[in-house]
Amino acid sequence: MPDFDYRASFDSLRLEAGLVCRLSFDMPEGYEEANGMYDPETDTVFMNATLLKECPDSEKAFYLFHELRHAEQFAHPERFPPAIRKALDYDIAYDGNCSKRVNGKWISCRLDGGEDRFTRLYLSQPHEIDANQFAYAKAKTLFDGDKALEAFAPFGFRPLSYPQRSAMPSIRRSIKHS
């Protein structure tokens with residue numbers, strides 16, 4: 001099986017979405033175990049090609065398309081519904097570390113709760129749901145019927161009630177008291 005061409009897929013989708021972001025394979029410090037990430041401060045999509053090396057091309061495409069969707073969400077928020085635009089100012093990590101963007105700066109806090117709670121909150125963030133749905137649909141156009149890609153289907157790619165909203169007041173209170 002040929003190696004997935006990150007650059008060609010990145011360039012194609014970047015142009016299609018009208019983005020000017022760049023692609024890097026050097027994961028930022030603290031994200032060495034992540035499959036990928038988008039940094040709005042540097043307008044860079046980071047892909048962990050080393051970590052994904054043994055994964056099927058469909059999975060590599062999924063993660064690339066997911067991160068490019070985040071780039072689009074930040075670059076063109078007007079294309080997305082209010083719930084997604086509002087959620088872009090919040091970040092909930094699996095470990096309870098959370099952030100809120102205030103006047104262009106990220107302020108961090110830590111909320112109480114277990115990993116299960118924060119995994120559900122992370123996956124229920126409107127921008128994460130949108131990125132997952134988009135990435136799955138886009139990858140499916142290239143890899144329809146691929147068993148590895150189909151394994152992603154039940155992984156929360158349907159609209160949810162956005163329970164992440166319930167964490168927003170807690171994040172705001174925690175930041176005010178820090």
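Further up the page is the structure itself.
Predicted model, so just to flag it, every value in this text is computed and none were measured.

## So, helix α3 (residues 57-75)
Okay, so step 1: Taking 1.5 Å of rise per residue, the 19 residues of α3 would be expected to cover 27 Å, and the 27 Å separating its terminal C-alpha atoms lies within 8% of that figure.
Okay, so step 2: Among the 19 residues in α3, 17 count as buried, and that is most of the element.

## Brief notes about the sheet that holds strand β5 (residues 97-102)
Okay, so step 1: In spatial order, the strands read β4-β5-β6; together these three strands make up an open sheet with antiparallel pairing. Two strands in the sheet have a free side with no partner beyond their single neighbour: β4 (90-92) and β6 (105-110). Between one strand axis and the next, the sheet turns through 20 degrees on average, direction left out of account.
Okay, so step 2: Relative to β6, β5 is paired through six bridges, and the arrangement is antiparallel. What sits directly across from K100, in β6, is I107.

## With respect to the side chain of E67
Okay, so step 1: Counting through the fold element by element, E67 comes out in helix α3.
Okay, so step 2: As a buried residue without a salt bridge, E67 has its nearest oppositely charged side chain in R69, at a separation of 11 Å.
Okay, so step 3: A polar side-chain atom of E67 sits 3.0 Å from the main-chain amide nitrogen of Y38.
Okay, so step 4: In this view, E67 contacts G36, M37, Y38, V45 and M47; residues no more than four positions away in its chain are not counted.

## Regarding the environment of Y63
Okay, so step 1: Assignment of secondary structure puts Y63 in helix α3.
Okay, so step 2: Considered as a pair, Y63 and L52 are eleven residues apart in the sequence and their alpha carbons are 9.4 Å apart.
Okay, so step 3: Within polar-contact distance, the side chain of Y63 engages the side chain of N35 at 3.3 Å.

## As for the sheet that holds strand β3 (residues 44-47)
Okay, so step 1: Read from one edge to the other, the open sheet built from three strands follows the order β1-β3-β2, with strand pairing classed as mixed. Edge strands, defined here as strands with exactly one partner in the open sheet, are β1 (22-24) and β2 (36-39). Going across the sheet, the axis of each strand differs from the next one's by a mean of 20 degrees, ignoring polarity.
Okay, so step 2: In this sheet, β3 lies alongside β1 in parallel orientation, the contact comprising three bridges.

## Concerning the pattern of salt bridges
Okay, so step 1: Under the counting rule described, the total for this entry stands at eleven salt bridges.
Okay, so step 2: Measuring nitrogen to oxygen at the nearest pair gives 3.7 Å for the salt bridge that ties R7 to D11. Taken together, the residues span about one helical turn, with R7 and D11 both in helix α1 (residues 6-17) at a distance of four residues.
Okay, so step 3: For R7, a relative accessible area of 40% translates into the label partly exposed.
Okay, so step 4: The exposure class of D11 is partly exposed, given its relative accessible area of 24%.
Okay, so step 5: Where E16 meets K138, a salt bridge forms, and the shortest distance between an N and an O atom there is 3.0 Å. Linking E16 in helix α1 with K138 in helix α6 (residues 126-143), this pair joins segments that are 122 residues apart in sequence.
Okay, so step 6: On the accessibility criterion, E16 (55% relative accessible area) is exposed.
Okay, so step 7: Salt bridges sharing common partners tie together R69, E72, R79 and D130.

About the thresholds
Residues numbered from 1 in each chain as written. Predicted model: local features only at pLDDT ≥ 70, side-chain atom pairs only at ≥ 80, totals over all residues. Heavy atoms only, no water. Helix = DSSP H or I, 4+ residues; strand = E, 2+ residues; numbered from the N terminus. Expected span 1.5 Å × (residues − 1). Buried < 20%, exposed > 50% of the residue type's maximum accessible area, 1.4 Å probe, protein only. Pairing = 2+ DSSP bridges. Axes fitted to C-alpha atoms, helices over the stretch in contact; angles between N-to-C directions. Lys, Arg positive; Asp, Glu negative; His and termini not counted. Salt bridge = Lys/Arg side-chain N within 4 Å of Asp/Glu carboxyl O. Polar contact = N/O pair within 3.5 Å; in protein donor to acceptor, adjacent residues only side chain to side chain. Contact = heavy atoms within 4.5 Å.

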